[in-house]
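One letter stands for each residue in the lines below.
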Amino acid sequence: MTQVTKNSSRRDQILQTLARMLEEDGDSRITTAALAKQVGVSEAALYRHFPSKAKMFEALIEFIEATLFERIRLILDETDEAEPRCRHILTLLLGFAERNPGLCRLLIGDALQDETAKLRARMTQLFERFETQLKQVLREAQAKEGLRLPITVTAGANLMLATAEGRIIQFVRSGYRRRPTEHWQDQWTILANQLLTTNMTRIAS
């Protein structure tokens, strides 16, 4: 997330501090008391900006959604073919994870285990939206590029997203040492060759 500056609002400062604590505190459950201490305010001051810790997590999820899907819209506007579209979308996810280690604990769900079912569902829906976008790209490529997948569109989109998700999980599990983008270009080349390139043909006119 954007670093705190003198002009940052208190609300942004709270969210940025929470994201940093998610990264630094590992599996520890973050309390509002600890968060208030890190921000340098009272717990009452926290609640003037957010009525609950759940609302803080919700705001972080909204930040993730807005950042990723606004950029995806640009990718789709700038690129027409399936291979670069899928590559850029997945690289976007991995790059975002790498730049925001604390938010990865939200992405993989472990920071939400003690939170409300609504928050866990919200994160599940984020990945469902991501997968739906990949499916849409593949379906459009079938119609416009004559793409012939070796598996169904649903299975292909799921395979691509599962590969990216696995790299984010490894990132968290390694204590943020194993970067999500490490070896990604080589791995994507293999995946794309099997899924999108060698199996692509043009519909005869």
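Numbering of residues begins from 1 in every chain and follows the order in which that chain's sequence is written. Where totals are concerned, whole chains, interfaces and linings use all residues; where local detail is concerned, this predicted model gives features only for residues with pLDDT of at least 70, and gives and counts side-chain atom pairs only at 80 or more. Side-chain metrics in this entry use all non-hydrogen atoms of the structure; hydrogen atoms and water are not considered.

A. Geometry of the overall build of the protein chain. Counting its regular elements, the protein chain contains nine helices and zero strands. Written out in order from the N terminus, the α and β elements of the protein chain read α-α-α-α-α-α-α-α-α. Expressed as lengths along the three principal axes of its C-alpha atoms, the size of the protein chain is roughly 70 × 35 × 30 Å. Taken over 205 residues, the protein chain has a buried fraction of 46%. The criterion used for residue contact is that any of the two residues' heavy atoms lie within 4.5 Å. For the protein chain, restricting intrachain contacts to residue pairs at least 6 apart in sequence, the fraction spanning at least 24 positions comes to 67%. Accessibility throughout is a Shrake-Rupley quantity obtained with a 1.4 Å probe, and a residue counts as covered only by protein chains that appear here. For the protein chain, the exposed surface amounts to about 10800 Å²; the carbon and sulfur share of it is 47%. Neither His nor the chain ends contribute to the count of charged residues, in which Lys and Arg are positive and Asp and Glu negative. Here the site of a charge means NZ on Lys, CZ on Arg, CG on Asp, or CD on Glu. Side-chain charges of the protein chain comprise 29 positive and 26 negative groups, with the mean position of each set lying 3 Å from the other. Numbering of helices and strands runs from the N terminus; a helix is a DSSP stretch of H or I covering at least four residues, while a strand is a stretch of E covering at least two. Buried means the residue's accessible area, taken with a 1.4 Å probe over protein chains only, is under 20% of the maximum for its type, while exposed means over 50%, and partly exposed covers the values in between.

B. Focus on the side chain of Ser174. As for its placement among the helices and strands, Ser174 is situated in the loop between helix H8 (153-173) and helix H9 (184-197). On the basis of relative accessibility, which here comes to 13%, the residue Ser174 falls in the buried class. Only 2.8 Å separates the side chain of Ser174 from the backbone nitrogen of Arg178, close enough to count as a polar contact. Throughout this description, a polar contact denotes any pair of N or O atoms lying within 3.5 Å of each other; where both atoms belong to protein, one of them has to be capable of donating a hydrogen while the other can accept it, and for residues adjacent in sequence the pair is counted only when both atoms sit in side chains.

C. Region of the structure containing helix H7 (residues 117-144). For H7, built from 28 residues, the straight-helix expectation of 40 Å at 1.5 Å per residue is met to within 8% by its first-to-last C-alpha distance of 40 Å. Immediately downstream of H7, the backbone of Gly146 shows phi near 70°, a positive value. For a helix, the expected span equals 1.5 Å multiplied by the number of residues minus one.

D. Quick peek at the packing of aromatic side chains. Any Phe, Tyr or Trp ring, taking Trp's six-membered ring, that has another such ring centre within 6.5 Å forms a pair; planes under 30 degrees apart are called stacked, those over 60 apart edge-to-face, and the others tilted. Within the structure shown, the criterion is met by four aromatic pairs. Ring centres 6.1 Å apart and planes at 40° place the aromatic pair Phe63 and Phe96 in the tilted group. Placement of the pair is Phe63 in helix H4 (residues 53-78) and Phe96 in helix H5 (residues 82-99), with a sequence separation of 33 residues. Each ring, one from Phe171 and one from Tyr176, has its centre 5.2 Å from the other, and the planes form 75°; the classification is edge-to-face. The pair formed by Phe171 and Tyr176 is uniform in burial state, with each residue classed as buried. When the NZ atom of lysine or the CZ atom of arginine is within 6 Å of a ring's centre and also within 35 degrees of its normal, the charge is said to sit over that ring. Its guanidinium or amino end placed over the ring of Phe69, Arg129 lies 3.7 Å from that ring's centre, counting from NZ or CZ.

E. The packing of H5 against H7, seen in detail. Simply put, an axis is a line fit to the C-alpha atoms, just over the touching stretch for a helix, and the angle between two N-to-C directions goes from 0 to 180 degrees. Interhelical geometry of H5 versus H7 gives an angle of 165° and a closest axis separation of 9 Å. When the axis of H5 is compared with that of H7, the two are roughly antiparallel. H5 and H7 meet at a crossing whose hand is left-handed. Facing Ala82, Arg85, Cys86, Ile89, Leu90 and Leu93 of H5, the residues of H7 in contact are Phe127, Phe130, Gln133, Leu134, Val137, Leu138, Glu140 and Ala141. A breakdown of the residues in the contact of H5 with H7 according to their chemical character gives eleven nonpolar, one polar and two charged. Orientation labels follow simple angle bins: below 35 degrees gives roughly parallel, above 145 gives roughly antiparallel, 65 to 115 gives roughly perpendicular, and whatever is left gives oblique. Each helix crossing is assigned a hand: it is left-handed if the near helix lies turned anticlockwise from the far helix by less than a right angle, otherwise right-handed if that turn is clockwise. Throughout this entry, Asp, Glu, Lys and Arg are counted as charged residues, while Ala, Val, Leu, Ile, Met, Phe, Trp, Tyr, Cys and Pro are counted as nonpolar. The remaining residues, Gly among them, count as polar.

F. Here's a closer look at the nonpolar core. Ranked by internal contacts, the top residues of the largest apolar core, which has 67 residues, are Ile64, Leu68, Leu106, Met123, Leu138, Met160 and Trp188. Ranked by residue count, the leading element in this core is H4, at twelve residues. Not counting chain neighbours up to four residues away, the residues in contact with Ile64 comprise Phe96, Leu103, Leu106, Leu107, Met123 and Leu126. Buried Ala, Val, Leu, Ile, Met, Phe, Trp, Tyr and Cys residues that are joined via side-chain atoms within 4.5 Å together make up what is termed a nonpolar core.

G. Just the environment of Trp188, in detail. Tracing the backbone shows Trp188 in helix H9. Through-space distance from the C-alpha of Trp188 to that of Thr91 is 9.4 Å; in sequence the pair is 97 residues apart. When near neighbours in sequence (up to four residues on either side) are disregarded, Trp188 contacts Glu83, Cys86, Arg87, Leu90, Met160 and Leu196. At 2.7 Å, the side chain of Trp188 forms a polar contact with the side chain of Glu83.

H. Region of the structure containing unusual backbone geometry. Located in the positive-phi region is Tyr176, a residue other than glycine, with phi close to 70°. Along the chain, Tyr176 falls in the loop between H8 and H9. Even without being a glycine, His183 presents a positive backbone phi close to 65°. For His183, the position within the fold is in the loop between H8 and H9. With relative accessibility at 48%, the residue His183 sits in the partly exposed group.

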